[in-house]
Amino acid sequence: MTGFDYDDWFDGVLRAPDSSAAYAGETGQEFEAWQESFRAELRDVLGFPAMRDSAVEDIDPRRRERPEATVRHRSYERQTWSVRTERGFRVPFYLLLPDSVDPPYPVVIALHGHTEHGKDLAAGVAEGEAAGRHIADDRRDMARQAARRGFAVVAPDMRAFGELSPDTSDDSDSSDAVNPCTRWQKRAQLLGRSLVGERVWDVRRLVDFVEGHSALDAGRLAVCGHSGGGTVALLAGALDDRIGHVVACASVCPFEDSIVPIDHCLCNYVPGLRRLGEAWDIAGLVAPRSLRIVAGESDPIFPIAGTRRAFDRIQGRYCAADAEGKCSLFVGDGGHRFFEAGAWPFLRDRL
């Protein structure tokens, strides 16, 4: 007697007809109506209704005044701030202000991927910068890269990383100690939330910060993320039209090519998300604003064949929005990394 083939069974479930929420060929005003309807359902799936229960009107921006909280570099200044995004919860972030241009500055919200260092990786520093200990992987120091190119940068710790990593020292589940996303996601789901949804929620409050800061030009605003940060960047751009430009690196791929067959962090698995639609439907919510998808030719966890297939479908949605030239794909020679050449020329031309 043969055993039950779960993978074969689930493949049939996954390939069932798309839900009524997915894009079905609408154009013109009907396409805009589809976007609004899909956005509403996407907010619900990400857990926004539960987050609204603890929402705050005033983000209460605070700049840290300790001497080490402000650091001068050759081409920019790095300040440390925090904002309140929910009752009892604050998100810390770096604000990098460039010397090469005058304010108000064009702004990039830079979102790191999975790393215990959080925003320190994006800013190119490790704990104890004064002692000279630096992050070695310059390919992911996107905040520092952007500031050196004349952008102001908001680089937050995303939930479960950096200063927002939960203390798991007394946790009996050793897997949680290895991956704090697991602990955070399991508890979020009990309350109708999702970890990635909470990260998107925080980005939207950081946009509020940009709008309220006199040195920052909210009319020239982009979000740029790598890996898990790329997922958040795409979702934030899909849900917040104040974000004019989106760069999603090492993250855009159909679920059936990446999240399903390849073991990812638990935070990638949002209950009910695939019932709404696919990666191309989410990306279609960014239209007609500009979108750059960046991928590695040999990325082992977001296979390039799937990314190319997703991009073809995304282009169809941009055509429906009469914005075909606003969407582009950059493929770099490498794996799961951040490609500078895919992000900064694209944003330089638009910001």
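Cut-off values and rules
- Residues numbered from 1 in each chain as written.
- Predicted model: local features only at pLDDT ≥ 70, side-chain atom pairs only at ≥ 80, totals over all residues.
- Heavy atoms only, no water.
- Helix = DSSP H or I, 4+ residues; strand = E, 2+ residues; numbered from the N terminus.
- Expected span 1.5 Å × (residues − 1).
- Buried < 20%, exposed > 50% of the residue type's maximum accessible area, 1.4 Å probe, protein only.
- Arc of directions from axis to C-beta.
- Contact = heavy atoms within 4.5 Å.
- Salt bridge = Lys/Arg side-chain N within 4 Å of Asp/Glu carboxyl O.

Thoughts on helix H2 (residues 28-46)
Spanning 19 residues, H2 covers 27 Å between terminal C-alpha atoms, matching the ideal 27 Å at 1.5 Å per step. Listed as buried for H2 are Phe31, Trp34, Gln35, Phe38, Arg39, Leu42, Arg43, Val45 and Leu46. Looking down the long axis of H2, one finds its buried residues gathered within 165° of arc, a one-sided arrangement. Away from its buried face, by an angle of more than 90 degrees, H2 presents the exposed residues Gln29 and Glu30. Summarising the contacts, the buried residues of H2 are in contact with helix H3 (48-52), helix H8 (195-212), helix H9 (228-239), helix H10 (273-276), helix H11 (279-284) and helix H12 (304-320). One or two residues past the end of H2 sits Gly47, with phi positive at roughly 100°.

Description of the pattern of salt bridges
Scanning the model with the defined rule gives 30 salt bridges in all. The residue Asp60 makes a salt bridge to Arg90 at a minimum N-O spacing of 3.1 Å. Taken as a pair, Asp60 in the loop between H3 and strand E1 (62-63) and Arg90 in strand E4 (residues 89-98) lie far apart in primary sequence, 30 residues in all. Overall, Arg90 belongs to the partly exposed group, its relative accessible area being 22%. Among the ionic pairs, Asp99 bridges to Arg72, the shortest N-O distance being 2.6 Å. Placement of Asp99 in the loop between E4 and strand E5 (105-111) and of Arg72 in strand E2 (residues 70-72) is noted, with a sequence separation of 27 residues between them. In the salt-bridge network here, residues are joined through shared partners; they are Arg204, Arg205, Asp208, Glu211, Asp240 and Arg242.

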